[in-house]
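# Chains, contacts and geometry: an overview
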Amino acid sequence: MNNKTWVRLRPVVEGDLAMFRRFATEPGLAGSAWTGYQEPNGPARRFASDGYLGAEDGRLMVEADETAAGFVQWFAIGSGLAQYWGIGIVLLPEWRGRGVGWRAQTLLCDYLFASTPTQRIEARIQPENIAEQKALEKVGFLSEGILRSADFRDGAWRDVLVYGRIRGDR
């Protein structure tokens, strides 16, 4: 019997906006990614403008066992030939710790390397997020250093770990 969770990425559909509103308005639902309350109609406006598939950033839904489990996102860092992608992931609590995250991030990296000319993908995380450090390493990212006091969260400036993956790494 195979108990492996099936994971895939897909474009955002209108029915996913309720999950985005929850992440914007429910403290703690996004875990350490919570950055405070966000405007609850923002997700609907963004979806109407480009379906979350913009030239400078985007989101794809993470499906696990045919259920929306969260989303991955990417955003441009730098410009011109020096432009590369930053990525992130947010999963609903019931899907964390089940191997969904690293598989979704692998699929996202594969997608970005296959569909864009980028040479580099970067992820920035909190030092206390050991599970995400392990997930990124499983995806092929290397630890590149610490940005001191680069993130304001929970009322204080906090350090951020930088992980990078270059086209061809694995």
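So, how was this worked out
Residues numbered from 1 in each chain as written. Predicted model: local features only at pLDDT ≥ 70, side-chain atom pairs only at ≥ 80, totals over all residues. Heavy atoms only, no water. Core = buried A, V, L, I, M, F, W, Y, C linked by side-chain atoms within 4.5 Å. Buried < 20%, exposed > 50% of the residue type's maximum accessible area, 1.4 Å probe, protein only. Helix = DSSP H or I, 4+ residues; strand = E, 2+ residues; numbered from the N terminus. Contact = heavy atoms within 4.5 Å. Pairing = 2+ DSSP bridges. Axes fitted to C-alpha atoms, helices over the stretch in contact; angles between N-to-C directions. Parallel < 35°, antiparallel > 145°, perpendicular 65-115°, else oblique. Left-handed = near helix turned anticlockwise from the far one by under 90°. Nonpolar A, V, L, I, M, F, W, Y, C, P; charged D, E, K, R; others polar. Polar contact = N/O pair within 3.5 Å; in protein donor to acceptor, adjacent residues only side chain to side chain.

What tends to happen in soluble globular proteins is that the nonpolar side chains get buried as a cluster. Counting residues in each nonpolar core, the largest one holds 39 residues, and the members touching the most others are Phe23, Val62, Val72, Ile87, Ile121 and Phe141. Per-element accounting of this core gives the leading share, 6 residues, to helix 3 (residues 100–115). Apart from residues no more than four positions distant in its own chain, Phe141 is found in contact with Ile87, Cys109, Ile121, Glu122, Ala123, Leu136, Tyr163, Gly164 and Arg165.

Attention shifts here to the sheet that holds strand 7 (residues 156–166). Strand order in the open sheet formed by 7 strands is 1-2-3-4-5-7-6, with mixed pairing between adjacent strands. Here the strands that pair on one side only, and so sit at the sheet edges, are strand 1 (7–10) and strand 6 (142–153). Geometrically, the sheet is characterised by an average inter-axis angle of 30° between neighbouring strands, direction not taken into account. The pairing of strand 5 (residues 120–125) with strand 7 spans 6 bridges and is classified as antiparallel. Across the sheet, Ile125 pairs through a bridge with Leu161, a residue of strand 7.

The next thing to look at is the packing of helix 3 against helix 4 (residues 130–139). Geometrically, a packed helix pair is captured by the angle between its two axes and the distance between the axes. Viewed as axis vectors pointing N to C, helix 3 and helix 4 meet at an angle of 45°, and their least axial separation amounts to 9 Å. Judged on the interaxial angle alone, helix 4 and helix 3 are oblique. As for how helix 3 packs across helix 4, the hand of that crossing is right-handed. Across the interface between the two elements, Trp102, Gln105, Thr106 and Cys109 from helix 3 touch Glu132, Ala135, Leu136, Lys138 and Val139 from helix 4. Taken together, the residues that form the contact of helix 3 with helix 4 break down as 5 nonpolar, 2 polar and 2 charged.

Residue Tyr52 is not a glycine yet carries a positive backbone phi of 65°. Considering the arrangement of structural elements, one finds Tyr52 in the loop between helix 2 (42–50) and strand 2 (57–64). In this structure, Asp154 takes a positive phi of about 55° despite not being glycine. Relative to the helices and strands, Asp154 is located in the loop between strand 6 and strand 7. Judged by its relative accessible area of 61%, Asp154 falls in the exposed class.

On to the environment of Arg120, then. As for its position among the elements, Arg120 is in strand 5. With a relative accessible area of 17%, Arg120 lands in the buried category. With 43 residues separating them in the primary sequence, Arg120 and Ile77 have C-alpha atoms 9.9 Å apart. Sequence-distant contacts of Arg120, defined by excluding residues within four places in its chain, comprise Tyr84, Trp85, Phe113, Glu144, Val162, Gly164, Arg165 and Ile166. Separated by 2.8 Å, the side chains of Arg120 and Glu122 make a polar contact.

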